[in-house]
Amino acid sequence: MDDIYIILVASLFSISCGLLGSFLILRRMAMVGDAISHAVLPGIVIAFLISGSRDSFEMIIGAALLGLITSFLIEFFHKKANLQTDAAIGVTFTWLFALGIILISVFAGQVDLDQECVLYGEIAYVPLDLWITDAGLNMGPKALYVSAFILAAVIIFLSFGYRYLHITTFDSAFAASIGISIGLWHYLLMGMVSMTTVAAFDSVGAILVVALFVVPAATSYLLTRKLKSMLLMTVLLSFLNSFLGYYLASTINGSISGAIASTSGVFFLLAFLFSPIDGIWIKAIKRNFDKSKNTSKTKFNKIFKE
Amino acid sequence: MESIWKFISLSDPNIISVVIGSVLITASSAVVGTFSFLKKKALVGDAVAHAVLPGICLAFILSGNKNPIYIIIGAFITGWLSLIIIDIITKKSKLKEDTAIALVLSVSFAIGILMLTAIQHSGNASQSGLQSFLFGKAAALIGRDLIMFSVVAVILLLMVVLFFKELKLIAFDESFANTIGLPVKALNLLLTSLIVMAVVTGIQAVGVVLMAAILITPAAAARFWTDDLVKMIILAAIIGAFSGWAGSLVSYVAPRMPTGPWIVMVVSIIALISFFIAPKKGIISKQLELAKLRASILEENLLKELYRMGEKDMNTSNAYTLDLLTMQRHFPIKYLKPALRRLLKKSLVFKEGNKWSLSEQGHQKGKRIVKLHRLWELYLSTYLKIAPDHVHEDAETIEHIITPELESRLEKLLDFPKKDPHDRKIPY
């Protein structure tokens, strides 16, 4: 039963991350997602101090706020101080992450967070943290409900915002000209990213959550040219990664989240090499084919047309 | 207080190795980081920092011990590979660089974590120190680390000094470097190797995540104070060294405090302060300059409108009420009154009751702006063949910018014309 719980929680989180991540990579904001996932740490610590527990409403709010502040700061340094984007990202997230670690050390007694958990989480403990109702009824792991809630939120957000996200992603000038607020959808997306990061934080940590955001989405980006099928494929891949990753981890007795992210890396490698539309292997074959066709054409031209 | 003094005077030999180690690492990383900052590859250091983890674990698995030589070779290889993979993904697929970086960073870190946890669970007793690569151990630096740090720092600095000209060229203008026959590929390889080397040693001090900060944050801060590369590098090194020193001070005085994050905190605060207060490039001075420019444009527009109203009534020293003025052209009332007060102070306008009129000086200034406006309109319509009804907007901006030299050249070029394209008189 524990296996199923872990795989289920991992899949639900990675599907949420993958769906949002698809938009992140299309908007060329993968590293902003990375920055947010690190920078929510001080928000988590502060919310922990206020609410005294890990899974609380304050936590989500605190983290979403920090995520928005992060993306605002990146934009601010870039626009107002003329700092190049990559440097603005690098400076902002390392600073906030350092702040988070310092806060953890200051309040070491009061905050039940350690540095390892921050970096790669521990999804194996999911089945231990049960939700038991006041009547003593065992409802199963808490994380299951959290992950299901987050996925529902992401799906609602995407089904309402799909058209707007689509248009602001692919043609922001047109979106602006028909009166869609680009900034609003940017910050809404960032808010969702931070919320999902925080919810998944306990299970997968700050760095591996980036893998969930980026890798399945990038893999399906190489496999299709349509946004809808890209999203569907991301969902499928996210589930597959969680399933196979779990068994990889139990085989070599290592971190489950690490194994899930590694599995997704393998799928990416396969798509990168063999994708029927963009794989480099296919491209190389096509190029050879074109070359041989071209050379015979030029020979023909040389002989008969000149 | 006593411990602060003890730290500053370096009376404890343990402090000496911690301070020297941190300072060496932060300063030499800052020097190398300056180039990766200028090449707009600030986040590449972050990817390398994550990608060394699998190399470290692999070296440990293969050699079975924590011999630093093996560990560093392993780290160097995977760190280096990660950069090559990022390059291949960006060049060979439609994925953009940011996705490639995030992808390589997270997957290689995941592989590292998978190996690390597998090693930990395997029960090998000698693995206990591997953790220090994740979070750094600046507070626990010992003599042996110090020797290695010094060697690396010397190599990094030596390479930068030896290849300074070449690195400068590829940082600023790679295609030019290519044209004059420099081996750009080899030089990029050199810079990559320097970055990887700085990262491999640096993460032992500050850990995986914060490595990016000690590479690029000093450079980002230094960029705001100078335009000269040599000064920028020296400044970045000083900022890096200071934060290394200050970070170790904090963790010495308050032993519970982690050194690495404090180093990053100090360097980030220096950078944030620089972003705001640096002269010329800082946010505050930029906003001030912008406000000054806006104020002077508003003043010039006021003088111009007063002049034009007088011109219409054939008497440029006529006085007008604010209502008439705002009917002529819309001025936001919030800015209008302070601007008029400033003009009054410079005695460019007079105030009689509630009416405003131009002084002799103000008359001259207003006339000049009107002249420049009309000259420019004429120039656009005669030389650029732009229709007379399209030239106004452009002239409205340029009239505040044209210098006296340009003014006399315009006059000569157009041969002191009498009328603008709208058939209005050009005043001299």
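These figures come from a predicted structure and were not determined experimentally. (Residues numbered from 1 in each chain as written. Chains lettered and ligands numbered in written order. Predicted model: local features only at pLDDT ≥ 70, side-chain atom pairs only at ≥ 80, totals over all residues. Heavy atoms only, no water.)

**Some thoughts on the overall build of chain A**
Regarding its fold elements, chain A presents 12 helices and 2 strands. Counting from the amino terminus, helix and strand elements in chain A follow one another as α-α-α-α-α-α-β-β-α-α-α-α-α-α. The principal-axis extents of the C-alpha atoms in chain A amount to approximately 90 × 50 × 35 Å. Burial status across chain A gives 56% buried among its 306 residues. Restricting the contact set of chain A to residue pairs at least 6 apart, pairs at least 24 apart contribute 71%. Accessible surface computed for chain A: about 13,600 Å², of which carbon and sulfur atoms make up 68%. Counting 19 positive and 18 negative side-chain charges, chain A places the centres of these two groups 25 Å from one another. (Helix = DSSP H or I, 4+ residues; strand = E, 2+ residues; numbered from the N terminus. Buried < 20%, exposed > 50% of the residue type's maximum accessible area, 1.4 Å probe, protein only. Contact = heavy atoms within 4.5 Å. Areas by Shrake-Rupley, 256 points an atom, 1.4 Å probe, with all protein chains shown as cover. Lys, Arg positive; Asp, Glu negative; His and termini not counted. Charge placed at Lys NZ, Arg CZ, Asp CG, Glu CD.)

**Considering the overall build of chain B**
Within chain B, the secondary structure is distributed over 19 helices and 3 strands. Along the three orthogonal principal directions, the C-alpha set of chain B runs to about 100 × 55 × 40 Å. Every one of the 428 residues in chain B was classed for burial, and the buried ones make up 52%. Looking at chain B alone, contacts between residues at least 24 apart form 69% of all its contacts between residues at least 6 apart. For chain B, the exposed surface amounts to about 20,100 Å²; the carbon and sulfur share of it is 65%. Taken together, the 46 basic and 33 acidic charged side chains of chain B have centroids lying 4 Å from each other.

**Remarks on the confidence of the model for chain B**
Looking at chain B, pLDDT values average 88 and 99% of them are 70 or higher. No element of chain B has a lower mean pLDDT than helix α1 (residues 2–8) of chain B, which averages 75, and none a higher one than helix α11 (residues 211–223) of chain B, which averages 94. (pLDDT = per-residue confidence, 0-100.)

**Things to note about the sheet that holds strand β1 (residues 320–321) of chain B**
Residue and element names in this part refer to chain B. Strand order in the open sheet formed by 3 strands is β1-β3-β2, with antiparallel pairing between adjacent strands. Edge strands, defined here as strands with exactly one partner in the open sheet, are β1 and β2 (349–352). The sheet contact formed by β2 and strand β3 (residues 355–358) spans 4 bridges and is antiparallel. Among the inter-strand pairings, K351 is bridged to a residue of β3, identified as W356. (Pairing = 2+ DSSP bridges.)

**A short note on the nonpolar core**
By size, the foremost hydrophobic cluster in this structure holds 203 residues, and its most contacted members are I25(A), L83(A), L119(A), F268(A), F109(B), L134(B) and F275(B). Here the element with the most residues in this core is helix α9 (residues 182–223) of chain A; it accounts for 25 residues. Not counting chain neighbours up to four residues away, the residues in contact with F109(B) comprise L119(A), I207(A), L208(A), H50(B), L53(B), V104(B), L134(B) and V208(B). Counting 19 residues, the second-largest nonpolar core is a separate cluster that includes L306(B), L325(B), L336(B) and V370(B). (Core = buried A, V, L, I, M, F, W, Y, C linked by side-chain atoms within 4.5 Å.)

**Things to note about the pattern of salt bridges**
Pairing is possible between side chains of opposite charge, provided their charged atoms come close. All names here are of chain B. The tally for this structure, following the rule as stated, stands at 19 salt bridges over all chains. A salt bridge links E305 to R308; the shortest N-O distance between them is 3.3 Å. In this pair, E305 and R308 both sit in helix α14 (residues 283–312), 3 residues apart, roughly one turn of the helix. The exposure class of R308 is partly exposed, given its relative accessible area of 27%. For D420, the salt bridge is made with R424, and the minimal N-O distance between the two is 3.0 Å. Through salt bridges with shared partners, a single ionic network connects K304, E305, R308, R329, E396 and E399. (Salt bridge = Lys/Arg side-chain N within 4 Å of Asp/Glu carboxyl O.)

**Notes on the pairing of strand β2 (residues 138–141) of chain A**
All names here are of chain A. When strand β1 (residues 130–132) meets β2, the two strands line up antiparallel, connected through 2 bridges. Residue pairing in the sheet places L130 in a bridge with P141 of β2. Connecting β1 to the next strand, β2, in antiparallel fashion are 5 residues, including G136 with a positive phi near 90°.

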